[in-house]
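One-letter residues, chain by chain:
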Amino acid sequence: MKKSNKEQSRCYVFSLIISLYIVFISFFLERLWFDMDSLKNHFMIYTVSKILLFGLSFMMCFSFQKLKKNGYLSFFVGYTGIMWIMLLLVWPGVWRWDEFWILDGSRYFIPNSYQHWLTSVLYIASLMILPFPTGVIIVQILLISFLVSFIIKTINENFLHLSNWTKWILLIPFLLFPVIDSNLYPVRCSLYAFAELAFITFLINEIFNRKRDPEYMITPNATGIFCCLSILLAVWRSESIYYLVLAPILYMLIFKGKTQKINLLLLIGVMGGAVYSE
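A few points about the state of the cysteines
Here the structure, examined in full by the defined rule, presents 0 disulfides. Cys-227 forms no disulfide, and the closest cysteine sulfur to it belongs to Cys-228, at a distance of 6.8 Å.

Here's what the structure looks like:
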């Protein structure tokens with residue numbers, strides 16, 4: 001147990017160092033894309049984008065360690081490699097209409113309300129470290145690859161129990177042409193679909209953890225992930241506002257008696273506060 005805690009702490013520290021390094025070099029790279037004279041009028045968007053960049057960097061580094069430990073890192077590497085090959089074939093990616101307005105506004109730190117300001121923040125955070133338009137798609141591919149690996153891990157460990165090379169069969173649904181097209185299309189619906197899949201997969205994983213362990217209690221980290229995914233789904237698309245009500249209900253039903261009351265109160269408070277981010 002102590003060894004496990006020590007390894008986890010080491011993982012946190014390593015992820016933190018890499019994340020801080022990425023944010024540090026972004027202060028130099030961002031000048032290659034952005035009109036820095038516009039910064040004084042949109043400093044809040046700039047700050048939120050930096051925070052998102054740090055959060056995404058930390059999540060990627062930490063997830064990288066977890067996938068490696070659980071033997072699913074090869075899925076991340078394999079799927080990322082396939083998507084990058086597809087990206088090279090259609091370089092600079094699949095660009096149609098709305099994304100051009102988001103891209104143009106991002107240069108001046110101006111959020112696009114039609115695709116939600118969160119999409120603009122994601123663009124800005126991506127361009128801070130990869131200061132060219134396709135950099136947005138590269139970051140999107142990395143995020144999707146992590147989510148695909150997590151989904152495959154959960155499905156295989158809880159339902160199919162495939163081993164060795166047979167596990168790769170689970171990649172087939174994510175290699176269909178409509179999925180590939182969506183992965184290379186930098187608008188919110190592409191990532192939103194995977195965020196919703198990740199939310200469902202997270203719930204399935206926690207339900208099976210509860211069945212396996214009679215003494216199961218949902219951890220603060222898991223509650224935090226639940227909150228973040230719920231808020232993201234609720235506010236990123238206005239038609240999904242029902243998640244603000246659905247998420248707390250699901251939490252109470254699934255984790256009844258398996259969570260501290262303070263976690264539930266925090267969840268309801270955070271979900272209520274998320275209304276103001278619309």
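Moving on from the coordinates now.
Brief notes about unusual backbone geometry
Here Trp-91 and Pro-92 are connected by a cis peptide whose omega angle stands at 10°. Mapped onto the secondary structure, Pro-92 falls in the loop between α3 (73–89) and α4 (98–106). A positive phi angle, near 60°, is found at Phe-109, a position not held by glycine. Mapped onto the secondary structure, Phe-109 falls in the loop between α4 and α5 (117–129). Of note in this structure, His-116 is not a glycine but carries a positive phi near 75°. His-116 sits in the buried class, given a relative accessible area of 8%.

Points about the packing of aromatic side chains
Applying the stated criterion to the full structure yields 18 aromatic pairs. Between Trp-95 and Phe-100, the aromatic rings sit 5.9 Å apart at their centres with planes inclined by 35°, giving tilted as the arrangement. Judged by relative accessible area, which is 16%, Trp-95 ranks as buried. Between the aromatic rings of Phe-226 and Tyr-251, the centroid separation amounts to 5.2 Å while the plane-to-plane angle is 55°, which identifies the pairing as tilted. Placement of the pair is Phe-226 in helix α9 (residues 220–236) and Tyr-251 in helix α10 (residues 243–254), with a sequence separation of 25 residues. When its relative accessible area of 0% is taken as the criterion, Phe-226 is described as buried. A residue is classified by how much of its surface remains accessible, and Tyr-251, at 0% relative accessible area, is buried. Here the basic side chain of Arg-237 rests over the ring of Tyr-192, its NZ or CZ set 5.6 Å away from the ring centre.

Calculation rules
- One numbering rule holds for all chains: residues counted from 1, following each sequence as written.
- Note on the predicted model: pLDDT of at least 70 is required for a residue's local features to be given, and 80 or more for side-chain atom pairs to be given and counted; whole-chain, interface and lining totals, by contrast, use all residues.
- Hydrogens and waters are ignored; side-chain quantities use all the structure's heavy atoms.
- Note that a disulfide, as used here, is simply two cysteine sulfur atoms within 2.5 Å.
- Only DSSP runs of H or I reaching four residues or more are called helices, and only runs of E reaching two or more are called strands; each is numbered from the N terminus.
- Categorising residues by exposure relies on relative accessible area from a 1.4 Å probe, with only protein chains included: less than 20% of the type maximum marks a residue as buried, more than 50% marks it as exposed, and the intermediate range marks it as partly exposed.
- Put simply, two rings from Phe, Tyr or Trp (the six-membered ring, in Trp's case) pair if the centres are within 6.5 Å, and we call them stacked under 30 degrees between planes, edge-to-face over 60, tilted for the rest.
- Counted as over-ring charges are cases with an Arg CZ or a Lys NZ within 6 Å of the ring centre that also lie within 35 degrees of the ring normal.

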